[in-house]
Amino acid sequence: RKVSLRKKPAAIPTVKTTIESHGGEIARHLQGTKIGPRTSDDKTIIDDFPLLPVRRRFWEECFRQIDAAGTKSQLRSQLSIIHDAVGKLANDRLTAVIPADALYDSLKAYMLGTGVLLREIHERIEELGVPGTEAATLAKRIASLVFLISKLPTNLGADLGVRSSAAHIADLLISDLAADNHLLRQKVAETLEKLVATGLLMKVDDEYRMQTRAGSEWLATYNKKQQEIRGSEPKIQEVRNNLIYAAIDEAVRGVRILQGLPKEPRDLSVDRDATPPTPGGRGLTVWVRDGWAAAEKDVTSAARKAGASSSLIYAFIPKAYADDLKTAIVNAEAANSTLETYGPQSEAEGQEAMRATTSLRDSAVANRNRLIRDIVGGTKVWLGGGTEQLHTSLAEKLRVAAEAAVVRQFPQFAAADKASWDVAMKRAKEGTDKPMDPVGHTGAVETHAVCVEVLNRTATGATGSDVRSQLQDPPFGWPKDAIDAALVVLVGAGHLSAKLNNAPIAAAQLDQNKITKTIFTRETKTIPMSDRLKVRGTLAKLGLKPKSNDEDGPLAADFLKKLADFGRRTGGEEPLPSHQSVVFVEDIQRLTGVEILAEMAARKVDIDAAADAWPKLADLTDTRLAAWNDLHKLFDHAKSEPGAAAINADIEAIRTGRLLLESSDPLPPIRAKIAEILRKRLKETHEDHRQTFDREVKQLAASSIWSQLPSDKQAAILAEVGLREPDAVDVSTDATIAAALAERPIDSRRNAALAVPTLAGQALRKAAATVEPTARSIAIEKTTLRTGDDVREWAKRAESQLLEEVKKGP
């Protein structure tokens with residue numbers, strides 16, 4: 001605009017006048033497309049002239065598709081193309097404008113080089129203009145424009161709406177605004193038909209496309225598919241139904257009703273059966289019929305027959321644009337089938353044919369979808385009773401109908417139409433008085449309509465999930481928050497008992513996740529405050545103190561569980577007596593809610609007595625059983641000692657007589673006897689060990705070899721062989737005796753004493769090895785000596801052996 005298209009200031013008024021004079025012609029170019037005339041063009045049209053804004057946009061879109069790398073669409077190239085185009089009409093009259101096909105001549109060499117333009121197509125276009133006549137030139141210009149338009153996108157979202165139709169081609173070819181362009185339009189239409197006849201172009205509906213040898217083959221296949229599909233009415237009907245009902249489904253799903261102050265969502269769904277469905281569920285149903293399968297009177301008759309109380313929404317899709325829709329479906333299906341037949345292409349001609357067919361399909365699909373939108377947009381809607389919804393859009397018709405239908409389907413919704421149910425639940429869990437105040441109810445909680453229905457459905461017990469399901473369905477449609485709040489309020493007020501996993505649960509512990517699995521049961525009994533206070537006194541015996549009425553039930557259940565546990569710990573297997581009977585406690589545990597409290601009040605004397613006695617008796621059981629086990633451990637060390645048999649008889653008498661819990665503990669006397677036996681044995685064993693040690697150490701000291709070693713070496717040898725003075729043993733109490741035996745049993749202590757001579761011999765040998773490193777240790781005969789002769793004979797043999805060994809060395 002500032003270089004190639006710049007106007008002299010004096011010429012601008014003339015240009016402006018020229019444009020205004022031919023505004024009608026300019027305004028009709030590519031009208032209805034995305035690049036057609038715009039109001040904003042007034043700001044640039046003089047600067048753009050003689051390149052009209054519509055054609056500038058056309059060129060820009062062509063650049064994007066043809067020149068993906070952006071080399072030819074750069075400013076330098078654009079300046080060159082504009083400069084050449086202006087140069088060609090510089091001497092024409094002022095009404096001359098740059099035709100859109102000028103872009104083809106400027107880019108054909110580039111397109112050939114990049115493969116965008118097939119050589120076959122290029123040659124056929126060039127051959128059209130060889131005679132040099134006006135008609136030949138027009139044919140070449142038309143063909144070049146058909147090629148450029150074929151490169152524009154037609155897929156959804158990117159489709160510009162520009163088609164290679166006679167009208168659009170003529171709009172782009174006009175090069176003189178003042179010429180007889182009506183005649184040009186006629187010539188364009190005639191020339192297009194001639195090009196089709198010669199096989200250069202193919203015609204699909206009102207569009208023209210470039211034809212190649214591969215394209216001819218693809219076109220033949222496409223035409224064949226068209227005929228096949230056009231003759232298959234069931235196939236067309238299936239596609240049509242799928243498209244129509246997908247569109248009506250989308251329209252229906254787009255309508256969402258939020259009922260009342262709680263904004264309870266009511267989704268709409270489509271039913272397309274031949275007979276009207278029965279309304280129900282938490283959403284609304286739209287019964288849809290179409291003019292291809294039913295008559296409008298059938299739908300209106302069904303609506304009137306259903307009556308004004310029906311919540312079903314009736315919809316009828318008129319049979320509009322039937323032939324056009326059928327053609328669009330046939331074309332789209334035929335193009336798609338052709339693409340599937342040939343599959344992806346690697347050769348340039350095949351790729352061009354594939355692009356042409358893809359463009360054909362996209363165009364047909366766009367036309368088909370537009371028709372579907374128009375058809376579905378004309379859907380008629382009625383309410384039960386026959387009241388038609390007369391609104392502009394289908395969405396509005398459905399919304400208004402749904403707002404009326406939801407009131408019909410949930411006539412009792414008003415009882416729960418409050419926005420503060422969550423606050424009511426919070427107050428109930430906190431034990432606040434009058435928890436229903438936030439929803440405007442100041443009377444007894446059980447008289448509220450929602451609570452009444454909840455109580456009706458929990459007479460024999462029901463899960464929270466069951467109660468929700470029943471009251472969220474028609475005719476109630478109540479919000480989950482309202483139902484949950486009512487359940488919690490009624491539990492807190494004592495009108496419902498609640499159990500989760502067979503364990504009572506208080507109102508304060510209930511949340512919307514637990515409610516689902518909790519079993520709620522309507523209470524048939526009530527308990528006066530005086531009895532409630534009695535029960536609280538009983539609960540306090542085990543340290544349980546309710547803070548509010550709704551805690552009485554759960555804490556009573558905890559109390560009974562603890563009491564039963566104490567009862568079972570008051571006895572057991574031998575030597576314990578049988579535990580106290582807990583049957584009456586288990587009987588009360590099987591009750592629910594207020595019934596537990598009432599029964600506890602009735603049996604307060606028995607329960608209080610058990611609560612006072614059983615914990616003490618359970619503790620005594622634990623203490624005596626621990627002592628019994630310790631007694632057995634101690635007795636295990638004395639089983640082989642004299643007097644053990646009599647003690648064992650006493651132990652067995654306690655076990656078989658189950659006397660462990662007698663008021664006078666039978667264990668201490670027996671333990672004392674066992675301790676005395678063990679004390680005596682420990683003392684004897686220790687004394688024997690000490691005397692043996694003293695004797696052996698004394699013999700070591702008398703040895704000439706031992707005396708040759710310094711004291712520190714002696715101590716090292718004694719430590720090495722493990723010869724040490726026995727540790728003192730504490731036998732002052734039963735506990736110290738048990739500890740000593742746990743550390744080293746009597747047999748181990750006795751063996752330690754017997755090992756002292758052996759250890760002393762090892763020490764002496766180590767001393768000898770130190771004093772005389774060459775000295776040897778030999779073994780002499782071991783035998784039993786009974787008489788003096790035995791001794792003398794053995795001594796002779798030993799002397800003979802020793803004298804022989806001494807000859808060999810020390």
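These figures come from a predicted structure and were not determined experimentally.

Helices and strands together make up the secondary structure of the protein chain, namely 34 helices and 12 strands. For the protein chain, whose C-alpha radius of gyration is 55 Å, the value lies well above the compact-globule estimate of 28 Å for 810 residues. Projected onto its principal axes, the C-alpha coordinates of the protein chain cover approximately 160 × 100 × 60 Å. Burial analysis of the protein chain (810 residues in total) assigns 43% to the buried set. Restricting to contacts in the protein chain with at least 6 residues of sequence separation, those with at least 24 account for 67%.

Our next topic: helix α10 (residues 181-198). Taking 1.5 Å per residue as the helical rise, α10 with its 18 residues ought to reach 26 Å, and the 25 Å between its terminal C-alpha atoms agrees with that figure. Those residues of α10 that fall on the buried side of the exposure criterion are Asn181, Leu184, Arg185, Val188, Thr191, Leu192 and Leu195. Buried residues of α10 fall within an arc of 130° about the axis and therefore sit on the same side. Opposite the packed face of α10, turned more than 90 degrees from it, sit the exposed residues His182, Lys194 and Ala197. Taken together, the buried residues of α10 touch α2 (23-28), α7 (119-128), α8 (134-150), α9 (166-173), β1 (201-204) and β2 (207-210). Positive backbone phi, at 90°, marks Gly199, one or two positions downstream of α10.

Before going further, it helps to examine unusual backbone geometry. With an omega of 10°, the peptide bond between Phe49 and Pro50 qualifies as cis. Note on placement: Pro50 falls in the loop between α3 (45-48) and α4 (53-66). Of note, the amide linkage connecting Pro474 to Pro475 takes the cis form, showing an omega dihedral of 5°. Take Pro475: it is sitting in the loop between α19 (464-472) and α20 (480-492). The phi dihedral of Asn502 is positive, around 65°, even though this residue is not glycine. With respect to the helices, strands and loops of the structure, Asn502 is situated in the loop between β10 (496-500) and β11 (503-504). Here Arg658, not a glycine, exhibits a phi torsion of approximately 55°, which is positive. Structurally, the position occupied by Arg658 is in the loop between α27 (644-657) and α28 (667-702). Taking the relative accessible area as the measure of exposure, Arg658 reaches 29% and is therefore partly exposed.

This paragraph deals with the packing of aromatic side chains. Here the structure, examined in full by the defined rule, presents 5 aromatic pairs. Residues Trp218 and Tyr342 carry aromatic rings whose centres are separated by 4.4 Å and whose planes lie at 15° to one another, so their mutual orientation is stacked. Taken together, the positions of Trp218 in helix α11 (residues 213-230) and Tyr342 in helix α14 (residues 322-342) put the pair 124 residues apart, joining distant regions of the chain. Accessibility expressed as a relative area gives 4% for Trp218, which makes it buried. Judged by its relative accessible area of 22%, Tyr342 is partly exposed.

Attention now moves to the nonpolar core. By size, the foremost hydrophobic cluster in this structure holds 77 residues, and its most contacted members are Leu268 and Val454. Ranked by residues supplied to this core, first place goes to α20 with 9 residues. Non-local contacts of Leu268, meaning those with residues more than four positions away in its chain, are made with Val252, Val255, Ile257, Leu284, Val286, Ile313 and Ala402. Among the nonpolar cores identified, the runner-up in size contains 56 residues, and Leu107, Leu128, Ala170 and Leu172 belong to it.

So, about the pattern of salt bridges. Side chains carrying opposite charge are able to pair once their charged atoms draw close together. Inspection of every chain in the model, using the stated rule, returns 59 salt bridges. When the shortest N-O distance is used, the salt bridge between Arg361 and Asp362 registers 3.3 Å. Here Asp734 and Arg671 are joined by a salt bridge, their closest N and O atoms 3.4 Å apart. Taken together, the residues span a long stretch of sequence, with Asp734 in helix α31 (residues 734-743) and Arg671 in helix α28 at a distance of 63 residues. Its relative accessible area of 23% is what places Asp734 among the partly exposed residues. Overall, Arg671 belongs to the partly exposed group, its relative accessible area being 22%.

We now examine the pairing of β1. Taken together, the 4 bridges between β1 and β2 define a ladder with antiparallel strand orientation. If you follow Leu201 over to β2, its bridge partner there is Met210. Counted between consecutive antiparallel strands, the loop separating β1 from β2 contains 2 residues, among which Asp205 sits at a positive phi close to 60°.

Here we come to the sheet that holds strand β12 (residues 519-522). Within the open sheet, the 4 strands sit side by side as β9-β12-β10-β11. Their pairing is antiparallel. The sheet is open, and its two borders are formed by β9 (462-463) and β11, each paired with just one other strand.

Taken in spatial order, the 6 strands line up as β3-β4-β5-β6-β7-β8 in an open sheet, and their pairing is mixed. Each having just a single partner strand, β3 (256-259) and β8 (387-388) make up the two edges of the open sheet. Here 4 bridges tie β3 to strand β4 (residues 264-271), and the two strands are oriented antiparallel to one another. Each bridged residue has a counterpart across the sheet, and for Gln259 the counterpart in β4 is Glu264. Together, β4, β5 (284-290) and β6 (313-317) form the strand contacts of helix α12 (residues 233-253), whose direction differs from that of β5 by roughly 150°.

With that out of the way, let us pick up the side chain of Glu264. As for its placement among the helices and strands, Glu264 is situated in strand β4. Within the buried core, Glu264 has no salt-bridge partner, and the shortest N-O distance to an opposite charge, that of Arg266, equals 4.6 Å. Those residues in contact with Glu264 that sit more than four places away from it in its chain are Ile257, Leu258, Gln259, Phe413, Gln472, Gly477, Trp478 and Pro479.

Attention shifts here to helix α30 (residues 711-721). Of all the residues in α30, the buried ones are Gln714, Ile717 and Val721. An end-on view of α30 places all buried positions within 65° of arc, on one side of the element. Facing away from the buried side of α30, by more than 90 degrees, are the exposed residues Ser711, Asp712, Ala719 and Glu720. In this fold, the buried residues of α30 make contact with α29 (704-707) and α33 (756-771). Looking one or two residues beyond α30, the residue adopting positive phi is Gly722, at roughly 85°.

Basis of the calculations
- Residues numbered from 1 in each chain as written.
- Predicted model: local features only at pLDDT ≥ 70, side-chain atom pairs only at ≥ 80, totals over all residues.
- Heavy atoms only, no water.
- Helix = DSSP H or I, 4+ residues; strand = E, 2+ residues; numbered from the N terminus.
- Rg over C-alpha atoms; globule rule 2.2 N^0.38 Å.
- Buried < 20%, exposed > 50% of the residue type's maximum accessible area, 1.4 Å probe, protein only.
- Contact = heavy atoms within 4.5 Å.
- Expected span 1.5 Å × (residues − 1).
- Arc of directions from axis to C-beta.
- Phe/Tyr/Trp six-rings, centres within 6.5 Å; stacked < 30°, edge-to-face > 60°.
- Core = buried A, V, L, I, M, F, W, Y, C linked by side-chain atoms within 4.5 Å.
- Salt bridge = Lys/Arg side-chain N within 4 Å of Asp/Glu carboxyl O.
- Pairing = 2+ DSSP bridges.
- Axes fitted to C-alpha atoms, helices over the stretch in contact; angles between N-to-C directions.
- Lys, Arg positive; Asp, Glu negative; His and termini not counted.

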